[in-house]
Amino acid sequence: MNGKNENNNKPTSFFPVPRFTPLMLVLGVESSCDETGVALYDSARGLLAHALYSQIAMHNEYGGVVPELASRDHIRRVLPLTRQVLAESGCTLTDLDGIAYTQGPGLAGALLVGAGMARALAFALDIPAVGVHHLEGHMLSPLISDTPPEFPFVALLVSGGHTQLMRVSGVGCYTLLGETLDDAAGEAFDKTAQLLGLGYPGGPALSKLAATGDAGHFSLPRPMLNSGDFDFSFSGLKTAVLTLVRRQGLEQAADIAAAFQAAAVEVLVSKSLAACAHSGVTRLVVAGGVGANTRLRERLTREAAARGIVVFYPKLEFCTDNGAMIAFAGAQRLAHASSADLTFAVKPRWDLATLDAV
Ligand code: KG4
Ligand code: ZN
């Protein structure tokens, strides 16, 4: 299992996939939170098309995601986006070999929209459907590349809801090395951004503001930096920012943003490299929304290189939620799926380490 195209008679794909994947065209549907993502992935030709509708503007006025509004908007977007990717790739519904959808974790109502649509369409077309773990989608997203990492690798998953370090030895072979004990990294960015008067989601806005500040002006704690394990804690850092804002006001918001980002990034970089050393692997994959953070990318790439570790990132557009990662992960699993069972259930809470290997 090494991601190489071992069949010399076939042209090398732009997006090489593990060799056990049968040739198939897969529609992927993501609807776990505040983005509707739809994509078409062809295991021979790679990603054919992907489309995304972000609900950020709608939720912004509430300062966070409103689950019921999210579900209703997914209903409005999912079919037009599906028509769009089919039209862009010159495919029709009858070309599809399977449909993948996000089964969890996420908002129950939002998940049900994608799951219901995918299952119904698969039944109508008499093709298999498969429920994909959202974090597996994120974690495998760097494989949608012309230079995918080989297994095994360590994955740093940094999204709005999760912060985990995993050892990945194959699709479905995930060992949890450590995780956050309280807030997720993205959540800490979002909450800190809120304290600084920035909008939702706060990560991109905070990172933009931090670029104009002096990271050394204020000193913030690096929680659990020397805890000797691979766990994280970000709620104390957020509280330290709150104390600082109460004391200083928002006049030096850029310096506070820079100090927060520097502290969060230092802990993420240090624990990720320690996890690689512990696992004896020289490949590190970064996935999830916070993986789009420029300072994290710069620091990690530089410090990893000094230790002989290569870091793989998804393309920027695939760091945050998208349909391409679900279509790709689904293509890896669809060989084992069946269309005979018409029942389905979403899993708002779902432990990544419990997935079956394929
Ligand atoms: O993976 P994702 O799109 O959704 C979840 O599965 O949660 O991640 C969203 C998170 C949000 O918390 C957002 O603020 C954060 O990723 N994020 C960033 C950046 N871009 C998105 N955090 C820091 N810097 C960024 N550039
Ligand atoms: Zn996500």
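Keep in mind that what you see is a predicted model, and the values were worked out from it rather than measured.

Draft legend 1. Layout of the layout of surface pockets. The space that makes up the largest pocket amounts to roughly 1100 Å³. If you go around the largest pocket, you meet 41 residues; those closest to its centre are Ser159, Gly160, Asp190, Tyr200 and Pro201. Considering each element in turn, the lining of the largest pocket owes the most residues, six residues, to helix H5 (residues 185-195). In this structure, the lining of the largest pocket is formed jointly by two domains, domain 1 (17-140 + 318-354) and domain 2 (149-313), each of which donates at least three residues.

Draft legend 2. Focus on the sheet that holds strand E3 (residues 46-54). Spatial ordering of the open sheet is given by E3-E2-E1-E4-E5, a layout of five strands whose pairing is mixed. Strands at the two margins of the open sheet, each flanked by one partner only, are E3 and strand E5 (129-133). Put simply, the sheet's adjacent strands are angled 20° from each other on average, direction ignored. Bridge count for strand E1 (residues 25-30) against strand E4 (residues 98-104) is four bridges, and the pairing is parallel. The partner of valine 29 across the bridge, within E4, is tyrosine 101. Against the sheet, helix H3 (residues 108-125) engages E1, E4 and E5, with an angle of about 155° to E4.

Draft legend 3. Quick look at the packing of helix H7 (residues 235-248) against helix H8 (residues 253-279). One can describe the packing of H7 onto H8 by two numbers: an axis separation of 11 Å at closest approach and a directional angle of 165°. Considered as vectors, H7 and H8 are oriented roughly antiparallel to each other. Here H7 runs over H8; the crossing is right-handed. Where H7 abuts H8, its residues Leu237, Val241, Leu244 and Val245 lie against Ile256, Phe260, Ala263 and Ala264. Partitioning the contact of H7 with H8 into residue classes produces eight nonpolar, no polar and no charged.

Draft legend 4. Geometry of the domain arrangement of the protein. Splitting the protein by domain gives domain 1 (17-140 + 318-354) and domain 2 (149-313). Relative to domain 2, the C-alpha centre of domain 1 lies at a distance of 27 Å. In this assembly, 20 residues from domain 1 lie in contact with 22 residues from domain 2. Of the roughly 1700 Å² buried between domain 1 and domain 2 on both sides combined, carbon and sulfur atoms contribute 72%. On the domain 1 side of the contact with domain 2, Leu135, Met139 and Cys319 bury the most area, a combined 36% of that side's loss. Joining domain 1 to domain 2, the criterion identifies zero salt bridges. The tally of links from domain 1 across to domain 2 stands at four residue pairs in polar contact (both at pLDDT 80 or more). For the side of domain 1 that touches domain 2, the elements supplying multiple residues, two or more each, are helix H1 (56-60), helix H4 (134-140) and helix H10 (323-333). No other element matches the five residues that H4 contributes to the side of domain 1 that touches domain 2.

Procedures and definitions
Residues numbered from 1 in each chain as written. Chains lettered and ligands numbered in written order. Predicted model: local features only at pLDDT ≥ 70, side-chain atom pairs only at ≥ 80, totals over all residues. Heavy atoms only, no water. 1 Å grid on protein atoms, 1.4 Å probe; cavity = no way out; pocket = protein on both sides within 12 Å on 5 of 7 lines; lining within 4 Å. Points joined across faces, edges and corners; volume = space filled by probe spheres on them. Helix = DSSP H or I, 4+ residues; strand = E, 2+ residues; numbered from the N terminus. Domains from an automatic or database assignment. Pairing = 2+ DSSP bridges. Axes fitted to C-alpha atoms, helices over the stretch in contact; angles between N-to-C directions. Contact = heavy atoms within 4.5 Å. Parallel < 35°, antiparallel > 145°, perpendicular 65-115°, else oblique. Left-handed = near helix turned anticlockwise from the far one by under 90°. Nonpolar A, V, L, I, M, F, W, Y, C, P; charged D, E, K, R; others polar. Buried area = accessible area lost by both parts, 1.4 Å probe. Salt bridge = Lys/Arg side-chain N within 4 Å of Asp/Glu carboxyl O. Polar contact = N/O pair within 3.5 Å; in protein donor to acceptor, adjacent residues only side chain to side chain.

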